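Structure assessment
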Amino acid sequence: MGFLLDGAGLLVLALWVFCIIDVITTDESLCRNLPKTLWLMIVLILPDVGSVIWLVAGRPWIARVPGALPYQGEAGREPGPGRAAPANPEDDEAFLRGLRERVEEQRRKAREQRKPDDE
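Overview of the structure. Please read these numbers as outputs of a predicted model, since none were measured by experiment. (Residues numbered from 1 in each chain as written. Predicted model: local features only at pLDDT ≥ 70, side-chain atom pairs only at ≥ 80, totals over all residues. Heavy atoms only, no water.)

With that out of the way, let us pick up a nonpolar patch on the surface. Together, L34, L38, M41, L44, I45, L46, V49 and I53 make up an exposed nonpolar region whose accessible area comes to about 650 Å². Contributing elements (two or more residues each) for the nonpolar patch: helix 2 (36-45) and helix 3 (47-58). Ranked by residue count, the leading element in the nonpolar patch is helix 2, at four residues. Here L46 is to be found in the loop between helix 2 and helix 3. With relative accessibility at 42%, the residue L46 sits in the partly exposed group. (Patch = residues over 30% accessible without salt bridge, like charges linked within 9 Å, V, L, I, M, F, W, Y side chains within 5 Å. Areas by Shrake-Rupley, 256 points an atom, 1.4 Å probe, with all protein chains shown as cover. Salt bridge = Lys/Arg side-chain N within 4 Å of Asp/Glu carboxyl O. Helix = DSSP H or I, 4+ residues; strand = E, 2+ residues; numbered from the N terminus. Buried < 20%, exposed > 50% of the residue type's maximum accessible area, 1.4 Å probe, protein only.)

Below you can see the structure in the form of structure tokens.
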């Protein structure tokens with residue numbers, strides 16, 4: 001029976017360490033409901049309850065990029081395969097041309113829908 005209690009204690013310790021690291025590596029702007037510093041204090045002071053509360057109420061619910069580490073960040077990374085480099089839409093003539101074509105198509109459809117009503 002003692003080994004079951006040891007195993008449960010080990011799981012609680014692992015959860016606590018995971019949550020401490022998770023709070024520390026989570027970006028301040030992504031923390032929900034409370035500031036990051038307060039979350040860290042809650043997890044440190046209340047190991048088991050604080051860890052569960054962090055996972056439920058504080059941890060961000062966004063999907064992470066596979067293979068990206070939480071502390072690595074995306075700033076300064078070069079676009080790789082399958083990643084589009086952000087471009088200024090005003091510099092992209094094909095983008096502007098597509099916008100103009102869609103606007104003209106919408107205007108044409110609106111004129112066609114109004115014509116039967118006018119007659």
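In this section: the packing of aromatic side chains. In the structure shown here, the tally under the stated rule is one aromatic pair. Between W39 and W54, the ring centres sit 5.5 Å apart and the planes meet at 70°, which makes this aromatic pair edge-to-face. Linking W39 in helix 2 with W54 in helix 3, this pair joins segments that are 15 residues apart in sequence. Residue classification places W54 among the buried positions, given a relative accessible area of 0%. (Phe/Tyr/Trp six-rings, centres within 6.5 Å; stacked < 30°, edge-to-face > 60°.)

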